[in-house]
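Chain residues, written in single-letter form:
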Amino acid sequence: MKTIAQNKKAFHDYEILDKFEAGMALVGSEVKSIRAGRVSLKDAFVEILDGEAFLLRCHISPYLEASIFNHEPERKRKLLLNRREIHRLDQKVKARGFSIVPLQVYMTDKGLFKIEIALVRGKREYEKKQKLKERDIQREMDRDVQRFKSKK
């Protein structure tokens, strides 16, 4: 498994409740552009329309060598999920106000591109600040332990 792009902002802004792996329906120039690492998940999200999951606002840069047969950079891309998974995600998003965001795009051993999506709930501002404080405290403790070990 080779990670091509990650959505680091999602880990900061959302509480991740459940993860899913999905395939993507891509055109040829998109495949070559993703292989070159020219994909951004920064503002992307997943929406379920008519029983199908779609990835929206995911920017895949045009492939320069594709000339006139290039793709639209932010087009709506169909995600390949099991019908039961789509139904389950749809029910949770409608009932409880959760969102679905992509976490990472990666290539499998067989050369297929997969996207990891997650059912998330937005964090409050104070939760984000608390998490940053905890991380800083943990870093300081780790530094102190390293200093103590190096003195021995």
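Figured I'd write up the structure that's included with this text. Given the structure is predicted, the values throughout are model-derived calculations rather than measurements.

**A short note on the nonpolar core**
Here comes step 1: The biggest cluster of nonpolar side chains holds 26 residues, and the ones touching the most others in it are Met24, Leu55, Leu79, Leu89, Ile115 and Ile117.
Here comes step 2: Where this core is concerned, the elements lending two or more residues are strand S2 (14–24), strand S4 (45–49), strand S5 (52–56), helix H3 (83–96), strand S8 (99–107) and strand S9 (113–122).
Here comes step 3: For this core, the leading source of residues is S9, giving 4 residues.
Here comes step 4: Grouped together as the second largest cluster of nonpolar side chains are 5 residues, Ala10, Leu103, Ala118 and Val120 included.

**Some thoughts on helix H2 (residues 28–35)**
Here comes step 1: Along H2, the residues that are buried comprise Ser29, Glu30, Ser33 and Ile34. For H2, the arc enclosing every buried residue in end-on projection is 135°, short of the 170-degree limit, so these residues lie on one face.
Here comes step 2: Positive phi appears at glycine 37, one or two residues downstream of H2, with a value of about 85°.

**Here's the deal with the sheet that holds S4**
Here comes step 1: Taken in spatial order, the 7 strands make up an open sheet running S1-S8-S9-S2-S7-S5-S4, and their pairing is antiparallel. Each edge of the sheet is formed by a strand with only one pairing partner; in this case those strands are strand S1 (2–6) and S4. For this sheet the average axis-to-axis angle between neighbouring strands, irrespective of direction, equals 45°.
Here comes step 2: Direction of pairing for S1 relative to S8: antiparallel, over a ladder of 4 bridges. Counterpart to alanine 5 in the pairing with S8 is valine 105.
Here comes step 3: The strands that H2 touches are S1, S2, strand S7 (77–80), S8 and S9; relative to S9, the one it contacts most, it runs at about 80°.

**Topic: H3**
Here comes step 1: With 14 residues, H3 extends 20 Å between its outermost C-alpha atoms, agreeing within 8% with the 20 Å of an ideal straight helix rising 1.5 Å per residue.
Here comes step 2: Looking only at H3, the buried set comprises Ile86, Leu89 and Asp90. Burial along H3 is one-sided: seen end-on, the buried residues are contained in an arc of 100°. Turned more than 90 degrees away from the buried face of H3, the exposed residues are Arg84, Ala95 and Arg96.
Here comes step 3: Contacts made by the buried residues of H3 are with S2, S4, S5, S8 and S9.
Here comes step 4: Where H3 begins, the capping side chain belongs to asparagine 82, and its oxygen is found 3.0 Å from the backbone nitrogen of arginine 84.

Analysis parameters
- Residues numbered from 1 in each chain as written.
- Predicted model: local features only at pLDDT ≥ 70, side-chain atom pairs only at ≥ 80, totals over all residues.
- Heavy atoms only, no water.
- Core = buried A, V, L, I, M, F, W, Y, C linked by side-chain atoms within 4.5 Å.
- Buried < 20%, exposed > 50% of the residue type's maximum accessible area, 1.4 Å probe, protein only.
- Helix = DSSP H or I, 4+ residues; strand = E, 2+ residues; numbered from the N terminus.
- Arc of directions from axis to C-beta.
- Pairing = 2+ DSSP bridges.
- Axes fitted to C-alpha atoms, helices over the stretch in contact; angles between N-to-C directions.
- Contact = heavy atoms within 4.5 Å.
- Expected span 1.5 Å × (residues − 1).
- Polar contact = N/O pair within 3.5 Å; in protein donor to acceptor, adjacent residues only side chain to side chain.

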